[in-house]
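Okay, here's what each chain looks like letter by letter:
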Number of protein chains: 2
Amino acid sequence: MKKSAKIPQPTIVRLPMYFRCLVELKKNGQKLISSEEIASKTGIKSSQFRKDLSYFGGFGIQGYGYKTDELLKKIAHIMKLDRRHSVVLIGAGNLGKALIKYPGFGHWNFYIEKVYDNDPKKIGKKIGSLTIQDINEFPKKCSTPLAIVTVRPESTQQVVDLLRKAGVKAILNFTGTKINAVKGSIVRQVDLTNELAVLLYYLELK
Amino acid sequence: MKKSAKIPQPTIVRLPMYFRCLVELKKNGQKLISSEEIASKTGIKSSQFRKDLSYFGGFGIQGYGYKTDELLKKIAHIMKLDRRHSVVLIGAGNLGKALIKYPGFGHWNFYIEKVYDNDPKKIGKKIGSLTIQDINEFPKKCSTPLAIVTVRPESTQQVVDLLRKAGVKAILNFTGTKINAVKGSIVRQVDLTNELAVLLYYLELK
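Since we're looking at a predicted model, the values are computed, not measured. (Residues numbered from 1 in each chain as written. Chains lettered and ligands numbered in written order. Predicted model: local features only at pLDDT ≥ 70, side-chain atom pairs only at ≥ 80, totals over all residues. Heavy atoms only, no water.)

A. Representation of the relation of the copies chain A and chain B within the structure. Expressed as a screw transformation, the operator carrying chain A onto chain B has a rotation angle of 180° and an axial translation of 0.0 Å, and the superposed copies differ by an RMSD of 0.0 Å. The superposition of one copy onto the other is thereby described by a two-fold rotation axis. The residues that chain A uses at the interface reappear at the interface of chain B in 100% of cases, marking a shared surface. (Least-squares fit on C-alpha atoms with pLDDT ≥ 70 in both. Contact = heavy atoms within 4.5 Å.)

B. Focus on the pairing of strand E4 (residues 110-117) of chain B. Residue and element names in this part refer to chain B. When strand E3 (residues 85-90) meets E4, the two strands line up parallel, connected through 6 bridges. Residue pairing across strands places Val 87 opposite Ile 112, the latter belonging to E4. Bridging between E4 and strand E6 (residues 130-134) involves 3 bridges; their strand directions are parallel. Its bridge partner being in E6, Val 115 is matched across the sheet by Ile 132. (Pairing = 2+ DSSP bridges. Helix = DSSP H or I, 4+ residues; strand = E, 2+ residues; numbered from the N terminus.)

C. Layout of the sheet that holds strand E9 (residues 186-189) of chain A. All names here are of chain A. Within the open sheet, the 7 strands sit side by side as E5-E6-E4-E3-E7-E8-E9. Their pairing is mixed. If you trace the sheet from one side to the other, it starts and ends with strand E5 (126-127) and E9, each paired once. Of the strand pairs in this sheet, strand E8 (residues 170-173) and E9 are connected by 4 bridges, and their pairing is parallel. Across the sheet, Asn 173 pairs through a bridge with Gln 189, a residue of E9. In the packing of helix H7 (residues 156-165) onto the sheet, contacts are made with strand E3 (85-90), strand E7 (146-149), E8 and E9, and the angle to E8 comes to roughly 160°. (Axes fitted to C-alpha atoms, helices over the stretch in contact; angles between N-to-C directions.)

D. Representation of the pairing of E8(A). Residue and element names in this part refer to chain A. Along E8, one buried face is formed by Ala 170 and Leu 172 and the opposite face, lined by Ile 171 and Asn 173, is buried too. Taken together, the 4 bridges between E7 and E8 define a ladder with parallel strand orientation. Residue pairing in the sheet places Ile 148 in a bridge with Leu 172 of E8. Running through H7, the crossover from E7 to the neighbouring parallel element E8 is right-handed. (Buried < 20%, exposed > 50% of the residue type's maximum accessible area, 1.4 Å probe, protein only. Right-handed = clockwise from strand over helix to strand, strands pointing away.)

E. Representation of the interface of chain A and chain B. Facing the 63 residues of chain A at the interface are 63 residues of chain B. Each partner contributes to the roughly 5,800 Å² buried at the junction of chain A and chain B, and carbon and sulfur atoms together form 73% of this total. Three residues, Leu196(A), Leu199(A) and Tyr201(A), lead the burial of chain A against chain B; their summed loss comes to 13% of the area buried on that side. In this assembly, chain A and chain B are joined by 4 salt bridges. As a salt-bridge pair, Arg188(A) and Glu195(B) come within 2.9 Å of each other at their nearest N and O atoms. Where chain A meets chain B, there are 8 residue pairs in polar contact (both at pLDDT 80 or more). (Buried area = accessible area lost by both parts, 1.4 Å probe. Salt bridge = Lys/Arg side-chain N within 4 Å of Asp/Glu carboxyl O. Polar contact = N/O pair within 3.5 Å; in protein donor to acceptor, adjacent residues only side chain to side chain.)

F. Seen up close, helix H1 (residues 9-27) of chain A. Residues and elements named next belong to chain A. A rise of 1.5 Å per residue sets the reference length of H1, with its 19 residues, at 27 Å; its end C-alpha atoms lie 28 Å apart and thus fit the reference within 8%. Taken residue by residue, H1 has Thr 11, Ile 12, Arg 14, Leu 15, Pro 16, Tyr 18, Phe 19, Arg 20, Cys 21, Leu 22 and Leu 25 as its buried positions. Positive backbone phi, approximately 80°, marks Gly 29, located one or two places after H1. (Expected span 1.5 Å × (residues − 1).)

G. Broad picture of a positive patch on the surface. Taken together, Lys97(A), Lys101(A), Lys121(A), Lys125(A), Lys97(B), Lys101(B), Lys121(B) and Lys125(B) make up a surface patch of like positive charges. With respect to the element layout, Lys125(A) can be found in the loop between strand E4 (110-117) and E5. (Patch = residues over 30% accessible without salt bridge, like charges linked within 9 Å, V, L, I, M, F, W, Y side chains within 5 Å. Areas by Shrake-Rupley, 256 points an atom, 1.4 Å probe, with all protein chains shown as cover. Lys, Arg positive; Asp, Glu negative; His and termini not counted. Charge placed at Lys NZ, Arg CZ, Asp CG, Glu CD.)

Written out as structure tokens, the structure reads:
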């Protein structure tokens, strides 16, 4: 199976939703699943689900559905969630701490293995089993390509520049500040306030 | 200006991004803005931006752009971000604590004003200026229609049922568990692990 950059981004964004749904079904012992069941559980149309899967080759059995375990393994493989991924986190504030303790990451094979901050009061302290390290001692070449940034807005770009110089290629940005795009580097923005704002908009339509 | 439920959801999801961008521009003292500048700052195409705005009536001046402050006020008004909104939070764990202390909410007129948990060890303790209250004493009629849920996955549906019974109409769900849809109630799902998974997928394409 060859990956292509041409697969639409909304398809990629839906894959983890299918994955989460299949993990749940497997846990409940359900061996077979129809696209209609996936649809009702994820809120994504069954036709959309089948189209999304079609980008990655043939799945399922005509008029029969999918073997839960098989489909789960295939999606895990596509998403590379079938192996362990190390993550580095910058910014040991409240949100950083919460993310380090967030059990959901480990369930999907993501492990925050290092945490950095620039606050002398925090450096050396522990969060769970991790010791907060000095950002000034960030390695020149970082061994993990995945980083989460939860620093203050005004420090964001500086931290991102440092990470990129050290070879970090993918950044999950919680700072609410836009990070400049750079070729060869990918950024996902998590804007918690946006979500509340969208919720509010629809609330007013109810 | 009449709101319509027919405005595409992606448009609604982009409005907060424009809002954030305009807040930033206003802070920097920029009085006029072109759709091309909005495009370069948000990463959304200028044609898309203009189309999104067109759902809400006429904006901007031909060949001239937009008055930053005026556009900001209009988007704030559409999104109802021009007035204060109370929010109740259920689940005083690490993530709940981080959200209570998250400064971004207040900047957008969202205020977490009450926090509930079911853990006797937490009840009565303080997070910032808020005292953690017993979920069993949740009011029969909640005065705020907006809630954030950061409880354990297995408690999610129970908490949601309680909230809905008390008249909460809009829920921001951080539990990683899907909440059953109910007419007249809106849910937005924040899946932090999904974001890492999407990031990982694109990383592997680089």
